[in-house]
Amino acid sequence: VEDEVKRTLTQFMTKLCGDNVQHNSTLGWKQDADPCKDLWQGVYCDAQNMSIKRLLLERLNLSGTLDLAMLCNLQPLAASLTFLSLDGNKLNGGIATEIGSCTQLTRLHLSGNQLSGDLPSSLVMLNNLKRLDISSNKFSGPLPELSRISGLNMLLAQNNNLSGNIPAFDFSNFDLFNVSFNNLSGLIPDVQGHFSADSFLGNPYLCGGPLPKTCSGLSESLNHTQTSEDSKGLSKDQILMYSGYAALAIVVILFVVLKLCRRKKGENKIEALNGAVVANDGGSEKSSNVLRENKGEISRSEFSATSESGMVSQSLVVLSRPTANELKLEDLLKAPAELIGRGKNGSLYKVMLDNGIMVVVKRIKDLTISSIDFKQRMQILSHVKHPHVLSPLAFYCSKQEKLLAYEYQQNGSLFKLLHGTPKTLDWTSRLGIAATIAEALAFMHQEVGQQGIVHGNLKSSNILLKKNMEPCISEYGVVGMDNERSPFASPIVSGGASEILKGDVYGFGVILLELLTGKLVKINGIDLTDWVQSVVREEWTGEVFDKSLLSEYASEERLVNLLQVAVRCVNGSPEARPSMNQVALMINTIKEEEEKSLIYQV
Ligand SMILES: Nc1ncnc2c1ncn2[C@@H]1O[C@H](COP(=O)(O)OP(=O)(O)OP(=O)(O)O)[C@@H](O)[C@H]1O
């Protein structure tokens, strides 16, 4: 790496460290070392041309100043940097206009700092940007016209001080969008059913769907209110408007009270129903009905789906639209169900709905999790979408019964693909699955891991194959809902979060071993992990690999590279395991090498 780049990076880090002058050398960022060849923490390079691709400096207690101008003014860096993450530090400063020169950036993550000032309009020049996270800072001023960045699929800007209108985004492009708890105003552009009120809450002057507040007359009075902020007295219009609100509030309160009274009645019936279900669990096998008993007693209206995504209620809460738009608890109650699994976390039913859609319903076995925790967890998970993580369609929660509905994946699981017959999974597909799952898991760890929501039960039967045979992780966050020390019980995880995440890293390592060896996790009582480790110790590494991979001439070098990643993941001590982010990067490098070699072969 060129001296100029090294110098700029060390200066950039010195500024990030602020008063903590020792910090940059403990992170290995030394002028006399090489960022790509030596161990500079958080620096990831392109192995081919030794250029800096990613700077991932999350949660390192950096309390200095962010100087993006320094980084983006240096051509070689600006031309290579694709991912910059400084989440969860205590950085000051802002986003400099020069950010517009870092044109290769696909991800910019700055959440959880003390950054302030306006967002520069040069952000719009980042044509490659896909994910922007500036949440939980002190940014102010308007949102730039980010709608002009066509590939942007995530914008997290919640918990700032942003003002002005929301640009006219095409929300169908977004997996994640949140601007809640700012000072934004005006009409929300059409979200086309993609996001719920949660993404916009806490902006007193924002109006229109999906917020319950309509815009009629409000924008006008709002402009008026904002321009005459200093004037003490209320205008006639404002008095009218506020009295209108007061009347509306009274009507809403009356409505809620009425609803609660009616629901109380309904609840008793549901509890009775659940009692029957729980009691029936042991006996119901094939072609039973998940929740059929007593259904005659229940009137239709009491089971209508809650229309607000993520709202807490006794009825079915629909999380995923449009797939589950019409899904009602009643539909699940009356549909024929087939028991397809009884794992340690509960039973799994395949349910054919009236409209022909097939869903699976997981009945969570452990009922010690409180309904509040369960609902809260579902709320959080419903906002975190990744194309390779299966989101629940809906959930149901009462004291005695917790259900989760997912779309049925007819192509089965990775377990079946690897261990069923015929075995058809070639090396390129296995490497592709490993890379996709690693990236999806790294994403989930980044988005919800710090809140203690991990997969908790990662295994090949929980990796499902979608219609296009692409893999996805199912049942993310279902485990760990039970015991009292559940990470979720104390969302403020201090220092323990990464430990919890390392359980998933282990589970992922075992999946890698299954992909590489083609063997079951337990064969005649012998643990696959122990077996692989003993064979590798004896230096018979070649013996480990699935014979079918060797016979298709898969590169042994890359098999060994992937095995090394797997062995690091299943290390006995959690702290020695890499993070999922590091795992994803390592596997991507192996995959890129594989792809290059294929091009040469052609
Ligand atoms: N959405 C789905 N579509 C199709 N098959 C599924 C779906 N979810 C799970 N399965 C499959 O159904 C079977 C039973 O699933 P279940 O979750 O009960 O088993 P498990 O993973 O062994 O148990 P547990 O997760 O409780 O430890 C597994 O083979 C799994 O791959």
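If you're wondering where the values come from, they're calculated on a predicted model, not measured in any experiment.

Enquirer: Mind showing me how you'd approach the sheet that holds strand S13 (residues 183-187) here?
Expert: Sheet strands pair by backbone hydrogen bonding; their relative direction is either parallel or antiparallel. Taking strand neighbours across the sheet as the criterion, the 5 strands line up as S7-S9-S11-S13-S14 in an open arrangement whose pairing is parallel. The open sheet terminates on both sides in strands that have one partner only, identified here as strand S7 (116-118) and strand S14 (205-207). Direction aside, the axes of adjacent strands within the sheet are offset by 20° on average.

Enquirer: Would you mind going over the site of the ligand with me for this structure?
Expert: The environment of the ligand is formed by 18 residues, the closest being Gly341, Gly343, Asn345, Leu348 and Ser413. Put simply, the parts of the chain that give the shell around the ligand at least two residues each are strand S16 (337-343) and strand S17 (346-352). Looking at the shell around the ligand, the element that brings in the most residues is S16, giving 3 residues.

Enquirer: Help me understand the confidence of the model for the protein in this model?
Expert: Where the model shows low pLDDT, its predicted coordinates should not be examined in detail. Within the protein, residue pLDDT values average 79, and 76% of them lie at 70 or more. Taken together, the stretch residues 217-238 has pLDDT below 50 and engages in 13 contacts with residues farther than four places along the chain or on a different chain. Segment residues 264-313 is flagged for pLDDT under 50; beyond a separation of four residues in sequence, or across chains, it makes 82 contacts in the model. Reported confidence for the predicted complex is 0.97 by ipTM and 0.53 by pTM.

Enquirer: Hey, could you run me through the nonpolar core in this one?
Expert: For soluble globular proteins, the rule of thumb is that nonpolar side chains tend to be buried together. By size, the foremost hydrophobic cluster in this structure holds 79 residues, and its most contacted members are Ala434, Ala438, Phe508, Leu512, Leu562, Val583 and Ile587. Among the elements that take part in this core, helix H10 (residues 427-448) stands out by supplying 12 residues, more than any other. Beyond its immediate stretch of four places on either side in the chain, Val583 contacts Ala438, Val505, Phe508, Val565, Cys569 and Pro578. Counting 57 residues, the second largest nonpolar core, distinct from the first, contains Leu9, Leu74, Leu91 and Val179.

Enquirer: Would you mind showing me how to read the sheet that holds strand S12 (residues 176-178) here?
Expert: If you walk across this open sheet you meet the 7 strands as S1-S2-S4-S6-S8-S10-S12, and the pairing is mixed. A single partner strand is all that each edge strand has here, and the edge strands are strand S1 (43-46) and S12. On average, each strand axis in the sheet is inclined to that of its neighbour by 15°, with strand direction left out of account. In this structure, strand S4 (residues 83-85) lies alongside strand S6 (residues 107-109), joined through 3 bridges in parallel fashion. Residue pairing for S6: Phe83 is matched across the bridge by Arg107.

Enquirer: Sorry, what's going on with the environment of Gln533 here?
Expert: Mapped onto the elements, Gln533 comes out in helix H12 (residues 528-537). Between the alpha carbons of Gln533 and Asn571 there is a distance of 9.6 Å; along the sequence they are 38 residues apart.

Calculation notes
Residues numbered from 1 in each chain as written. Predicted model: local features only at pLDDT ≥ 70, side-chain atom pairs only at ≥ 80, totals over all residues. Pairing = 2+ DSSP bridges. Helix = DSSP H or I, 4+ residues; strand = E, 2+ residues; numbered from the N terminus. Axes fitted to C-alpha atoms, helices over the stretch in contact; angles between N-to-C directions. Near = placed C-beta within 6 Å. pLDDT = per-residue confidence, 0-100. Contact = placed C-beta atoms within 7 Å. Core = buried A, V, L, I, M, F, W, Y, C linked by C-beta atoms within 7 Å. Buried ≥ 20, exposed ≤ 12 C-beta atoms within 10 Å, placed from the backbone.

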